[in-house]
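Remarks on the overall topology
Here are the chains, one letter per residue:
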Amino acid sequence: MTWPIVVVLALAVYALRATGMFIGDKLIKGRVRDTIEYVPMAVIAGVLVLTTFTTGGSLTLDARAAGMAAAGIAVWRNAPLAVVLIIAAATTALVRAVS
Amino acid sequence: MAYAVSVLVAGTSTALVMVNLGVDRWLVLASAAFVMSGTATLALIGVLDAGGSAVTAVAAALLVAARFGLLAIPLSHRFRGRPVWERAIASYPILDPGVAVAFREDNDVSARRSYLRMSNVSVTTWIVGMALGAVLGSLIPDPKTWGMDVAFPALLLATAGGIARKSRDMALTGVIGAGIAIVATPLVPAGLPVLLSILAASMGLGARRGLKGGDPA
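The structure displayed is predicted, hence computed values, not measured ones.

1. Re the overall build of chain A
Secondary structure assignment for chain A yields 5 helices and 2 strands. Over its C-alpha trace chain A gives a radius of gyration of 19 Å, far above what one expects of a compact globule, namely 13 Å for 99 residues. Its C-alpha atoms give chain A principal-axis dimensions of about 60 × 35 × 25 Å. Relative to its 99 residues, chain A shows a buried fraction of 46%. Within chain A, counting contacts between residues at least 6 apart in sequence, those at least 24 apart form 26% of the total. As displayed, chain A has an accessible area near 4,900 Å², and 72% of this comes from carbon and sulfur atoms.

Structure follows, in structure tokens:
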């Protein structure tokens, strides 16, 4: 992550918001509008499995998977964010320590 | 206020993750203040960390942020006839909670006031949270020893869980997106699997149309 990336991203994200504010009604309608609502979920799910099951661009299965399984149960049980993160980290550290 | 606390925790953990991935602390603060989106920032560092190029990473982040453009549309109706500078400023903190409170008000004046108040909370707690995480992050020696390296995917999992609760087709979108990323990883160059998982968005929409009538979505 470098300065140019952050600057470009910041400007572009602001541009997206302002576009919606100033000319959104004219620009976006129908199917595109419906599809965009689903994009964050799709991307987040993609990034989340990649950061769990890959190392340096290839598939791997290690202690992170155990941590994420535990985190999954916590999320399912509606645990607060801090608790989810602590459970995930603690489980991963534990599995790493015994294996 | 529970919302402020959750934004604070989300900001702190996002910044912690970024510092652990080796991002400069000032860059963490800059993205906190100027990008003003947790999910877009997470998408960016996720793709970069998976070995994707800067262009792919920014593309993924912008696709995630595209929904702010959509959120802006109902909000813009509340700012009809207001000066350009006011609408330009109001565009900066467009996030789900602020737009949601503006929705609930029945006249435009109180809608704008609620939006402003909620946005102040979001912006302040987000920046403070990220700053806190940036400082804490440099105190933790090796993230792997404490299992801190799963904080990032776990944060995403919690975010995804929150979205999945909204409807069954949202949950389905997540499962398909995850599946595509895994299957694509051995087949295409780094960075691309995430962009491919976006295809799940149109499948999720298709599922909603297929389930029409039975699902409250």
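Next comes the rest of the write-up.
2. A word on a nonpolar patch on the surface
Taken together, the side chains of Trp3(A), Val7(A), Leu11(A) and Trp26(B) present a nonpolar region at the surface, about 500 Å² in accessible area. The element best represented in the nonpolar patch is helix α1 (residues 3-27) of chain A, accounting for 3 residues. Structurally, the position occupied by Trp26(B) is in helix α2 (residues 25-34). Owing to a relative accessible area of 61%, Trp26(B) belongs among the exposed residues under this scheme.

3. Examining helix α4 (residues 63-76) of chain A
With 14 residues, α4(A) ought to run about 20 Å at 1.5 Å a step, and its terminal C-alpha atoms sit 20 Å apart, in line with that. Here α4(A) has its buried residues at Ala63(A), Arg64(A), Ala65(A), Gly67(A), Met68(A), Ala70(A), Ala71(A), Ala74(A) and Val75(A). Contacts from the buried residues of α4(A) go to α3 (39-53), β1 (54-55) and α5 (81-98) of chain A together with α8 (151-164) of chain B. Phi for Asn78(A), located one or two positions after α4(A), is positive at around 65°.

4. Concerning the side chain of Ser122(B)
Note that Ser122(B) resides in helix α7 (residues 108-137). Excluding anything up to four places from it in sequence, Ser122(B) contacts Tyr3(B), Val7(B) and Leu95(B).

5. Some points on unusual backbone geometry
Here Asn78(A), not a glycine, exhibits a phi torsion of approximately 65°, which is positive. Of note, Met36(B) is a non-glycine position whose phi angle comes to about 55°, a positive value. You can see Met36(B) is positioned in the loop between α2 and α3 (38-49). What makes Met36(B) buried here is its relative accessible area of 1%.

6. Observations regarding the packing of aromatic side chains
Taken as a whole and judged by the stated rule, the model has 1 aromatic pair over all chains. Centroid distance Phe79(B) to Tyr115(B): 6.0 Å. Interplanar angle 80°. Geometry classified as edge-to-face. Taken together, the positions of Phe79(B) in the loop between α4 (54-78) and α5 (84-91) and Tyr115(B) in helix α7 put the pair 36 residues apart, joining distant regions of the chain. Assigned by exposure class, Phe79(B) and Tyr115(B) land together as buried. The ring of Phe68(B) is capped by Arg17(A), whose NZ or CZ atom sits 4.2 Å from the centre of that ring.

What counts and what doesn't
Residues numbered from 1 in each chain as written. Chains lettered and ligands numbered in written order. Predicted model: local features only at pLDDT ≥ 70, side-chain atom pairs only at ≥ 80, totals over all residues. Heavy atoms only, no water. Helix = DSSP H or I, 4+ residues; strand = E, 2+ residues; numbered from the N terminus. Rg over C-alpha atoms; globule rule 2.2 N^0.38 Å. Buried < 20%, exposed > 50% of the residue type's maximum accessible area, 1.4 Å probe, protein only. Contact = heavy atoms within 4.5 Å. Areas by Shrake-Rupley, 256 points an atom, 1.4 Å probe, with all protein chains shown as cover. Patch = residues over 30% accessible without salt bridge, like charges linked within 9 Å, V, L, I, M, F, W, Y side chains within 5 Å. Salt bridge = Lys/Arg side-chain N within 4 Å of Asp/Glu carboxyl O. Expected span 1.5 Å × (residues − 1). Phe/Tyr/Trp six-rings, centres within 6.5 Å; stacked < 30°, edge-to-face > 60°. Lys NZ or Arg CZ within 6 Å of the ring centre and 35° of its normal.

In short, shape yes, function no, at least from these values alone.
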